[in-house]
Amino acid sequence: MNERAGERSGSVESLVLRADERAEIARLGDETLARRQPWDALAFTGEAAAVAQYLPARLRHFLARARTEQADVTIVSGLPLSEDLVPTPTGWELAAKTGAGLREELLCMLCAGALGDPFGWSDQQNGRIVHDVCPAPGLERSLTSASSELNLALHTEDVHHPCRSDYVGLLCLRNPDATGTTFVRVDRMDVPDDVREILSADRFRFYADDSHENTELDAEQLAGRHENRVSQDGSVLFGPPEFPYLRIDFDFASALDGKADAAMSQAFESLRASVERVVLEPGDMAFLDNYRVVHGREPFSPRYDGHDRWLKRVNVIRDIRRVFVETRSLTRVIV
Ligand SMILES: O=C(O)CCC(=O)C(=O)O
Ligand SMILES: [Fe+2]
């Protein structure tokens, strides 16, 4: 993990694993993987929280504290990646087809299991529980995580949905150009009380982004046109006023009236002024609190030579029953 001095305003909770802890995690990972052949992340979702109890106590304690204290950004450093990690795939489909980085998927799910319940979306990466975030040819300027050349705008993950994750977990496998993951804390939103009041009312619409819609637009093609997308209306700010939660997406949100539109512009302006960044290094896993920060990514040049940036991503919800209730089924993949 590497943060540029002077570019952070609050702290990032971080834990650097010791060599003995890395070895313990590697052993747990290998044993679990051997027991769980062929590896199927979905089948493991119900077991992840229980197996996570065998992670080193310091790591469990650290993640439990992040959960109870509602830390904005939490980073575990030094997770034991495979020494013979395969080349970075050119897109998630190839990763899925070839089973690239399965041991890392398991690490991702174990850490996620110490914080909550991993879950997926049927329309995102074909219902996979652990996603691959790597640049894909042809999608360099898309509005999804497969992009590279464009700044990935600040967003709440899966902003349109009531069961959006409490945490976005990102395990870094490669990041050769030290590309930053950007984020802004809701606490940094500095707007007058009357604007805050508007932002706290159900005067906004949140849309499914292109990772759900299976479209591959760039920003110019989207140009604020959201017709026909799945959406939900709600407020930008919610929860305890003294410890607010946030829901916003710079590309996939709109206001329902003129005053709300002006308030949203002010919110965007304020958030833009407080962007922080964290550079994930191989073996770092970040958990971004999806209620307390919005996140994005800096642009970079893809190589498509096997050495590209590569993250494994997992959505974590604090209580999977929210999904069971919303979908009226025992599924861990939201349709
Ligand atoms: O690539 C990153 O650092 C973050 C991308 C992102 O927003 C995501 O995967 O949800
Ligand atoms: Fe994201």
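Structure's up top.
Residues numbered from 1 in each chain as written. Chains lettered and ligands numbered in written order. Predicted model: local features only at pLDDT ≥ 70, side-chain atom pairs only at ≥ 80, totals over all residues. Heavy atoms only, no water.

Visitor: Quick question: what am I supposed to make of the overall build of the chain here?
Guide: Across its full length, the chain holds 10 helices and 17 strands. Here the chain has a C-alpha radius of gyration of 19 Å; the compact-globule value for 335 residues is 20 Å, and the two agree. By its C-alpha atoms, the chain is 60 × 45 × 40 Å across when sized along the principal axes. Per-residue burial over the chain gives 58% buried out of 335 residues. (Helix = DSSP H or I, 4+ residues; strand = E, 2+ residues; numbered from the N terminus. Rg over C-alpha atoms; globule rule 2.2 N^0.38 Å. Buried < 20%, exposed > 50% of the residue type's maximum accessible area, 1.4 Å probe, protein only.)

Visitor: It is not clear to me how the pairing of strand β4 (residues 130-133) should be interpreted in this structure. Could you clarify?
Guide: The two faces of the sheet receive side chains in turn, since in a regular strand these alternate between them. Side chains V130 and D132 project from β4 onto one buried face, and the interleaved H131 and V133 project onto a second face that is buried too. The sheet contact formed by β4 and strand β16 (residues 310-317) spans 4 bridges and is antiparallel. Looking at β16, one finds that V130 is bridged to V314. (Pairing = 2+ DSSP bridges.)

Visitor: Help me out: how do you make sense of the layout of surface pockets in this one?
Guide: If a probe as big as a water molecule is rolled over the atoms, it shows which places are left empty. A volume near 200 Å³ is recorded for the second largest pocket. Looking at the lining of the second largest pocket residue by residue, the class counts come to 8 nonpolar, 2 polar and 3 charged. (1 Å grid on protein atoms, 1.4 Å probe; cavity = no way out; pocket = protein on both sides within 12 Å on 5 of 7 lines; lining within 4 Å. Points joined across faces, edges and corners; volume = space filled by probe spheres on them. Nonpolar A, V, L, I, M, F, W, Y, C, P; charged D, E, K, R; others polar.)

Visitor: For this particular structure, what's the right way to read the packing of helix α1 (residues 19-35) against helix α5 (residues 102-113)?
Guide: Two packed helices can be described by the angle between their axes and the distance between those axes. One can describe the packing of α1 onto α5 by two numbers: an axis separation of 10 Å at closest approach and a directional angle of 110°. The orientation of α1 relative to α5 falls into the category roughly perpendicular. Where α1 crosses over α5, the two elements pack in a sense that is right-handed. Side by side, α1 and α5 meet where I25, A26, L28, G29, D30, T32 and L33 of the first sit next to R103, L106, L107 and L110 of the second. Of the residues belonging to the contact of α1 with α5, the class tally is 7 nonpolar, 2 polar and 2 charged. (Axes fitted to C-alpha atoms, helices over the stretch in contact; angles between N-to-C directions. Parallel < 35°, antiparallel > 145°, perpendicular 65-115°, else oblique. Left-handed = near helix turned anticlockwise from the far one by under 90°. Contact = heavy atoms within 4.5 Å.)

Visitor: For this particular structure, what's the right way to read the sheet that holds strand β15 (residues 293-297)?
Guide: Sheet strands associate in pairs through backbone hydrogen bonding, adopting either a parallel or an antiparallel arrangement. Pairing within the open sheet is antiparallel, and its 4 strands lie in the order β5-β15-β7-β13. The open sheet has two edge strands, β5 (152-155) and β13 (276-279), and neither has a second partner. Strand-to-strand, the axes of this sheet are offset by a mean angle of 20°, without reference to chain direction. Alignment of strand β7 (residues 180-185) against β15, held across 5 bridges, turns out to be antiparallel. Across the sheet, residue V184 finds its bridge partner in β15, namely V294.

Visitor: In this structure, what is going on with the coordination of the iron ion (ligand 2)? I would like to understand it.
Guide: Taken together, the protein donors to the iron ion (ligand 2) comprise H155 (NE2), E157 (OE) and H295 (NE2), at separations of 2.0 to 2.1 Å. Expressed as a motif, the donor residue spacing for the iron ion (ligand 2) is H-x1-E-x137-H. With a gap of 138 residues between them, E157 in the loop between β5 and β6 (167-174) and H295 in strand β15 connect regions that are remote in the sequence. Comparing E157 with H295, the two get one shared label, buried. (Donors = N, O, S within 2.8 Å, 3.2 Å for Na, K, Ca; no water.)

Visitor: Would you explain the pattern of salt bridges in this entry?
Guide: As a working rule, side chains carrying opposite charge can pair if their charged atoms are close by. Inspection of the entire model under this criterion finds 24 salt bridges. Here D30 makes a salt bridge to R103, at a shortest N to O gap of 2.7 Å. Here R103 lies in helix α5 and D30 lies in helix α1, a separation of 73 residues in the sequence. Assessed through its relative accessible area of 40%, D30 is described here as partly exposed. Classification of R103 as buried rests on a relative accessible area of 16%. A network of salt bridges, in which partner residues are shared, links D72, R185, D187, E276 and R292. (Salt bridge = Lys/Arg side-chain N within 4 Å of Asp/Glu carboxyl O.)

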